[in-house]
Each structure stands twice: as C-alpha cells, then as structure tokens.
Amino acid sequence: MKQIQTNCAYCGVGCGIQVQIGANGHSLKGDADHTANFGRLCQKGERLLETLPLPHALRYPRLTATDETISWLHATQLIADTFSEAIQQYGSDSVAFYLSGQLLTEDYYVANKLAKGYWGTANVDTNSRLCMSSAVSAHLRAFGEDVVPGCYQDFDVAKVIVLVGANTAWTHPVLFQRILRARESRGSKLVVIDPRRTATARQADLHIAIKPGKDLQLFSLLFRHLAVSDAVKQEYVNTHTSGLDNALTKLAGWLKDDGSVLKQCGVSEPVFAQLLALYRDNEEVVTASCMGVNQSLNGTDTTNAIINCHLLKGHIGKPGCGFFSLTGQPNAMGGREVGGLATQLANHMGFSEKEHRLLSEFWPASNVATRPGLSAVDLFQAMADGKIKAVWILATNPAASMPDVALVRKALQTCPFVVVSDISQDTDTAKLADLLLPAQGWSEKSGTTTNSERTITRQRPFLNAAGEARADWQMVCDVATAMGYPGFHYRNEADIFREFAALSAKVVSEFPGKQLDLSGFADITEAEYASMQPQQWPVNGYTDNRRLYADGVFSTEDGRASFVVPKVVVQAVSSDDLILLSGRSRDQWHTRSRTGHVAALTSHEPQPCVFAHSQTLTDRQIVAGQLVRISNSNGQQLIVQALADDDLQPDQLFMSIHWTGRETANASVNLLLDSRRDLCSKQPAFKGQCVKLSPI
Ligand code: SF4
C-alpha cells in the first residue's frame, strides 16, 4: 500500500495527514511524526476523504453569460487582454486580486509577484484580512515584524493558559485536546475569557464571561496592575524594550482604576484579582487569542495590550511563555509570508525605498508597487463605486464571507470583469462571476502551507485533477506570460518555492533583523522539495527555530520590543439592542462548499438558526424553534429559526458564520453586519454589532 504524506485542508493547527492509497479505495490517518498533531485529527480532518468527489465541482473554464465552456487558451487570453486594457485605460489600481488562506504559498507568491511586481498595484488582499490582520498589525508594532515567537510545545509546558475570544475546542480541536492533556499531566490552569460559555469555557478552571468588546479594557487594567507589581523584570524592560513609561502615562489618561472599568467589562473584583495573581505569580503563562479579539473594533490594540503584559515580565520566546495568535486558516501564515496582504510586499517587507529597490532588482520588475493597496473592505467599496474594472478572486467566497454582503454582491455586479477560480461552481461568488476557472483542490494540488507555529508542510496530491482543473499558480503564470511579462516560466511549484526562498535569503542579507529567513531552502532541489519534511522557519541552519526573540533582540530598528499605547474605540449601544456574536460551528468550515456535503458534519447544525438566552426569547414572546426576524439599523434582515442557549448572556445572540445565500432564503449572518473595522489593521469588526430580534 502506498502512503502519501500531506496535511489537512482546514484550520491553522496544520495537522499532518497520511493518506493510504489502496486498490479498493483510500483511507487516511493523522501523521504521527508531525509536530502539530502527533497523529491526532479532529472530526473535520478525519472526514476529509468523505468530501470527495465534490458534488458541484468546477471542471472546465466557463463563460457564465453564455454558459459556454471554453478552452484554457481562450480563458487565459481573455484575462490577459481584459486586465491589460483596464491597466492601459484606467491605470494599475483599476485591477485587483482577492486571495485566500486556502491557497498554497506558491499560488500566493506568483499572484503577488504579478500584481505588485508587474501590474504596479498592491491591490492584492486576502480573506486573511478578515481573520488575522489585527494580530499582524500588533506583531508589527510590538516586535517589528509579523512573527509568532512561540510554538505549540509552549502549551505543553505552560503553568497557565489563557484563551481570549477563542472557542478552541471547536475551532482548533487538536490543539485544545493537547491543552487538556497538558493540564491533566502537569496541573496547569486554563482560563477562558469569552462572553459565551462555549464548549471551551465549560472546561476552563476559570471562565471570565466578559462583556463583548471589552478585552482591551481588561488587559489594559491588567497591564497597569502588573506594571506596579514585583512581577516586572526591570532589567529585561530596560535592556530590551522601549515605551513603557509613555504607555503607562497615556493609559492613565483614559483608563480609570476606580472599579468602573471592571463594571463595564462585567468582571467582578475578586475574579480580576484571581486573573492578576495568575499572571503575576507564574513564570510560564501563555495567552492565546483568536477571532473574538481580532474581529473587533479594537483588535490590534487589544492584542498589543496582551503583549504589553508579557513584555513586562520578559516573557517572549521562552518555553511556556508569551502571546500566541491562533490562526484561522490553513495557510494564512504562508500567504502573509509572500505578501498576501495589500499592506506588505513579499517576505514581510514594507514599501520603504530600500525594500522597493531590493524587490525591483530581484524579480526584476520595473513596475513594483510603491504604496499599500486597498484592503478587503475598501477594495469591495471601490468595486461598488466603479473604480475596479477587473478582479480575480481565488479560492474564496466574499459574497458570503465579507461583512455587508449586500454591498459586496453589488460590487461584483458593478465590476465589469470578475474572474473566479475555485473548486466549486456553487458558491455565492461563483454565481456572480463572468469567467469561472476550475482550480485543483485538496487531494489534487501540490505546494506548501505554514501553520500557526511557523511550520512549513508539504501538501501533496494523491488524485488526478477532475476535468481540466489546474493549479492556481499555473493559471496565474499563464496569464502573466500572455500579458508579456518575463519571469513566470516555472516548471513546477518547486521552482516557485526555491525563488521565494532565494528572495528570503537576499532580504535577510540586507535586513539582518528579519526573522522570516528561508535561506536554507534557497538551493532546494526538486527531489528535496518532493520529500520535504515539516519544518519551522527560520530555516537557515543556525537559528533556533522553535522560539524566536529568546535573546531579547527584536526585529525593530533598535532591536527593542515596543510597549504600545492602547487606545479604545467605543461602540454605541442602545437599550433595546442585542449584541450579535458570530463564529464557527463545530463541524463546518467557511461557507460549507466542502463540509456542507458530508452528512456526518451537517447534523450538528442542520439548518440556519440564531441562538438566544431563554429569557431573551421569553421577553419577546418567542418560543424556541419558531422563526424570528433579526434586523439591523441599515434595514437588513434575516429570518431564521430561534433556539435557546443559556450559555449566552441575555443581551447577546449567536449565529454561525457558515450559512450563505445558497440556502432557500439568504441566511448569511454577514448580511446583518456593516463594514466597521479596526482602524489600524482594517480588519472588519464581525463581532459585537447591534441588532434587534422579533417574532414573525
Ligand atoms: Fe484539520 Fe484543524 Fe482538525 Fe487539525 S485541528 S484535523 S488542521 S481542522
């Protein structure tokens, strides 16, 4: 029996998988040697083979206006001509890519190279903007680079693990089981800070049911109290950080310490004292956050407030210590590494003159973008305003997953040329495309991903592509070549990876403080790439790659980490408003285009519904199970079934993010959310918007 070593298509834990290829069918199991999962898989990972073949798989390029199947040659030339004309007539910023954390790093790299290197626009954003960009901004401000300093092993050895805005039991199940095992063997304490009593919170030693959106206030208060305690490592602070006095002075300007802040947070003084003691009296504390923090108005500042607490104690890059950002998607990290966000160039570079010159020489391209492009919300707004004339969307479904999906759908209808490459022709976005391109999916495609702890893993194919489906990198390179650009004649994905690694080597030679260092792969052969084993970066043969910044030297210009002054943006809430929370359900993934077809995965939440406290339902004369209307102040509304859930507080509602416009009635929770966002990261504030609930 042949075995293929690959990885899971879903979350940022990045579990390794072994697929057994048998004469009578295939089977899979967790990869016992992968450091992310040591052989374990969750229900979604275990059932990956059941998602195949996809019922609505896209197999051939197709023009939707005429429902005509066309050749790849025709499709490629059409894209090349239309994008060239738009650039010529309206300028570089009239075209855009919208990418996805489902893409492989090689796909991401060539799309960025084409747009940012040759088209001359940084209008390349990704659905990682919706998921991780607040953590990215906070890393940049604190450490000088978008770096997760720690690793999963820190959860094994920590004395205290604090999960903030993270329902890890459902969203990162394999990591959560690891946390529970560590608690059993070491007696570590688990604290969960979340408005809901989630499956994760139910297993915590301490659940702090904070009011939605108040994490910034809580961690800022914690920071103030820790700063005057004997927990501060003064020598570390003096030698390796900057900005502490300024942060504390500015904080005192808005953060009262008279009990009113805790009241706003819904946290009692004894509970706060318990939390403070856990941070103050323990050396090994890991704080991990996820979408509850990232997808809020104060996502970046909240993350920096958490990092501030760890910097005070010198707890970065040491075993069992520090801040850890839990990544949502399988390759959000890899995408960021090659410049997937509109605010970065490849290899974590910005738009300085030196960085710009380096990239221009390396590719070599005469038209490298000189400034950041439009981030996701602004990109779709520009499209709705008629400023984007051609867009190419790869492996994502913004017509269901963006906030204010009504505007996104209008944007896609307004844009003269929308290309969508995907594995499915049944997504909300595919239905609004002008040209559909069949992309290879998990089981067919080949390349690399990077998980939450910086481990690069090879994703390997074991099935032939359905119909004429192609690798995303191949489609992009063919279009680039048809547009007349040199430098896209890669023979395979190994060529692309090698080029990225060589770029990385050049970047670190000119910016020695950069941690993203793949120079050890700069000469990787095809055979080495084919047999590559999971490996954490930096990959250079001399840096300890498990934890970064252990020496206290950071990626900033002066080598010091920064204490950041948190500022708070408060959302107005009227007395009859309910706070709408959204998140993943246990067994589904994104907009259900893969997991929605597996009966065992749909039974957990078989139809769209809103969860509310039973008191909330009674107050509105709603009986559990009945249809209700949820509406927002912009006149948008959803009609779904109401179910009672007393793990919510009475002023809150919860809906899962997976339902879309493909259901009989539009059931996407994002229809109710406007596009307000974190001012620093531009990440939409999906959590905590105000709605009304009524019976129908
Ligand atoms: Fe896949 Fe995440 Fe489950 Fe691992 S924990 S099997 S990566 S969904």
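Here the structure is a predicted model, which is why all the values come from computation and not from measurement. (Residues numbered from 1 in each chain as written. Predicted model: local features only at pLDDT ≥ 70, side-chain atom pairs only at ≥ 80, totals over all residues.)

1. Focus on the sheet that holds strand β18 (residues 455–459)
So the rule is basically this: Here a strand pair is declared whenever DSSP counts at least two bridges between the two strands. Strands here are runs of E lasting at least two residues and helices are runs of H or I lasting at least four, both read from the DSSP assignment and numbered beginning at the N terminus.
Pairing in this open sheet of three strands is antiparallel, and the strands run β17-β18-β19 from one edge to the other. Two strands bound the open sheet, and with one partner strand each, they are β17 (447–450) and β19 (535–536). Two strands pair when backbone bridges link them, and β17 and β18 are joined in this way by four bridges, in the antiparallel orientation. Pairing of Thr450 across the sheet is with Ile456, part of β18.

2. Section: the pairing of strand β9 (residues 189–193)
For the record, the criterion: Backbone-placed C-beta atoms define the burial measure: a residue is buried with 20 or more other C-beta atoms within 10 Å of its own, exposed with 12 or fewer, and partly exposed in between.
Within β9, four of the five residues are buried, leaving the element largely enclosed by the surrounding structure. Summarising the sheet, strand β8 (residues 160–164) and β9 pair through five bridges and their orientation is parallel. Within β9, the position partnered with Leu163 by the bridge is Val192.

3. Considering the environment of Gly213
Within the fold, Gly213 resides in the loop between β10 (206–208) and α8 (215–227). For the pair Gly213 and Gln636, spaced 423 residues apart in sequence, the C-alpha to C-alpha distance is 23 Å.

4. Examining the environment of Ala599
With respect to the helices, strands and loops of the structure, Ala599 is situated in helix α23 (residues 599–602). Each C-alpha atom of the pair Ala599 and Arg197 lies 27 Å from the other, and the pair is 402 residues apart in sequence.

5. Concerning the domain arrangement of the chain
Short version of the rule: The split of the chain into domains comes from an automatic or database domain assignment.
Assigned domains within the chain: domain 1 (2–51), domain 2 (62–131 + 331–536), domain 3 (133–326) and domain 4 (578–695). Taken over C-alpha atoms, the centre of domain 2 sits 34 Å from the centre of domain 3.

6. Focus: the sheet that holds strand β7 (residues 124–126)
Sheet architecture is open: seven strands sit in the order β5-β4-β16-β15-β14-β6-β7, paired in mixed fashion. With one partner strand each, in any of the chains shown, β5 (68–69) and β7 form the two edges of the open sheet. In the sheet, strand β6 (residues 95–99) pairs with β7 via three bridges, with the strands oriented parallel. Residue pairing across strands places Phe97 opposite Val124, the latter belonging to β7.

7. A closer look at helix α7 (residues 173–186)
Operational definition: Helix span is expected to be 1.5 Å times the residue number reduced by one. The contact criterion used here is simple: two residues whose C-beta atoms, placed from the backbone, lie within 7 Å are in contact.
Here α7 is 14 residues long and its end C-alpha atoms lie 20 Å apart, about the 20 Å a rise of 1.5 Å per residue gives. Among the residues making up α7, those that are buried are Pro173, Val174, Leu175, Phe176, Arg178, Ile179 and Ala182. Close packing links the buried residues of α7 with α5 (153–157), β8, α6 (168–171) and β9. Just beyond α7, the residue with positive phi is Gly187, at close to 70 degrees.

8. So, the UniProt feature "domain: 4Fe-4S Mo/W bis-MGD-type" (unreviewed entry) in the chain
Note the cut-off: UniProt positions are given in the numbering used here, feature names are shortened, and annotations may be inferred rather than shown by experiment.
Sequence positions flagged by UniProt for "domain: 4Fe-4S Mo/W bis-MGD-type" (unreviewed entry) are, in local numbering, residues 1–56. The span residues 1–56 carries 7% helix and 34% strand; its end-to-end C-alpha distance comes to 30 Å.

9. Here we look at the site of the ligand
The cut-off we apply is this: To decide whether a residue is near a molecule or strand, its C-beta atom is placed from the backbone and checked for lying within 6 Å of it. In the scheme used here, Gly and all other residues not listed as nonpolar or charged are polar, with Ala, Val, Leu, Ile, Met, Phe, Trp, Tyr, Cys and Pro taken as nonpolar and Asp, Glu, Lys and Arg as charged.
Taken together, 14 residues are adjacent to the ligand, and Cys8, Cys11, Cys15, Cys42 and Gly45 come closest. Mapped onto the shell around the ligand, the elements with two or more residues apiece are α1 (43–46) and α7. Here the shell around the ligand is built from residues that sort into nine nonpolar, four polar and one charged. Both domains that furnish three or more residues to the shell around the ligand are identified here as domain 1 (2–51) and domain 3 (133–326).

10. Considering the environment of Tyr542
Mapped onto the elements of the fold, Tyr542 is located in the loop between β19 and β20 (561–562). Measuring from C-alpha to C-alpha, the distance between Tyr542 and Asp385 comes to 51 Å, with 157 residues separating the pair along the chain.

11. Points about the nonpolar core
A general feature of soluble globular proteins is that nonpolar side chains tend to end up buried together. As a reminder, the rule being used: Here, a nonpolar core denotes buried Ala, Val, Leu, Ile, Met, Phe, Trp, Tyr and Cys residues that are linked to one another through C-beta atoms within 7 Å.
Counting 214 residues, the largest nonpolar core has Ala111, Val391 and Leu653 as its most contacted members. Sequence-distant contacts of Ala111, defined by excluding residues within four places in its chain, comprise Phe97, Leu99, Val124, Leu394 and Val476.

12. Observations regarding helix α16 (residues 353–362)
Condition: Note: the arc covers the axis-to-C-beta directions of the helix.
Taken residue by residue, α16 has Glu355, Leu358 and Leu359 as its buried positions. Each buried residue of α16 lies within a common arc of 90 degrees when the element is viewed along its axis, so the set occupies one face. Turned more than 90 degrees from where α16 packs its buried face, Glu353, Lys354, Arg357 and Glu361 sit exposed. Buried residues along α16 sit in contact with α3 (105–119) and α21 (493–510).

13. Re the confidence of the model for the chain
When pLDDT is low, close inspection of the predicted coordinates is not appropriate. Applied cut-off: Think of pLDDT as the predictor's per-residue confidence, scored from 0 to 100.
On average, residues of the chain score 94 in pLDDT, and 99% of them reach the 70 mark or higher. Across the interfaces of the predicted complex, the ipTM metric reaches 1.00, alongside a pTM of 0.96.

14. What to know about the packing of helix α2 (residues 72–90) against helix α20 (residues 472–482)
For the record, the criterion: Between the N-to-C directions of two axes lies an angle of 0 to 180 degrees, each axis being a line fitted to C-alpha atoms and, for a helix, fitted only over the stretch in contact. For classification purposes, angles smaller than 35 degrees are called roughly parallel, those larger than 145 roughly antiparallel, those between 65 and 115 roughly perpendicular, and all remaining angles oblique. Throughout, a crossing is termed right-handed when the near helix is turned clockwise from the far one, and left-handed when it is turned anticlockwise from it by less than a right angle.
Viewed as axis vectors pointing N to C, α2 and α20 meet at an angle of 60 degrees, and their least axial separation amounts to 9 Å. In terms of orientation, α2 lies oblique with respect to α20. For the crossing formed where α2 meets α20, the hand is right-handed. Within the contact between the two elements, α2 uses Thr76, Gln77, Ile79 and Ala80 and α20 uses Asp478, Val479 and Ala482. Taken together, the residues of the contact of α2 with α20 sort by class into four nonpolar, two polar and one charged.

15. Details of unusual backbone geometry
Leu52 connects to Pro53 through a cis peptide bond whose omega is -10 degrees. Assignment of secondary structure puts Pro53 in the loop between α1 and β4 (62–63). Of the consecutive residues Trp537 and Pro538, the connecting peptide bond is found in the cis state with omega at 5 degrees. With respect to the helices and strands, Pro538 occurs in the loop between β19 and β20. For Ser443, which is not a glycine, the phi torsion comes out positive at approximately 95 degrees. Inspection of the secondary structure puts Ser443 in the loop between β16 (435–438) and β17. With 26 C-beta atoms counted inside 10 Å, the residue Ser443 sits in the buried group. Phi at Tyr549 is positive, roughly 65 degrees, even though this residue is not glycine. Here Tyr549 is to be found in the loop between β19 and β20.

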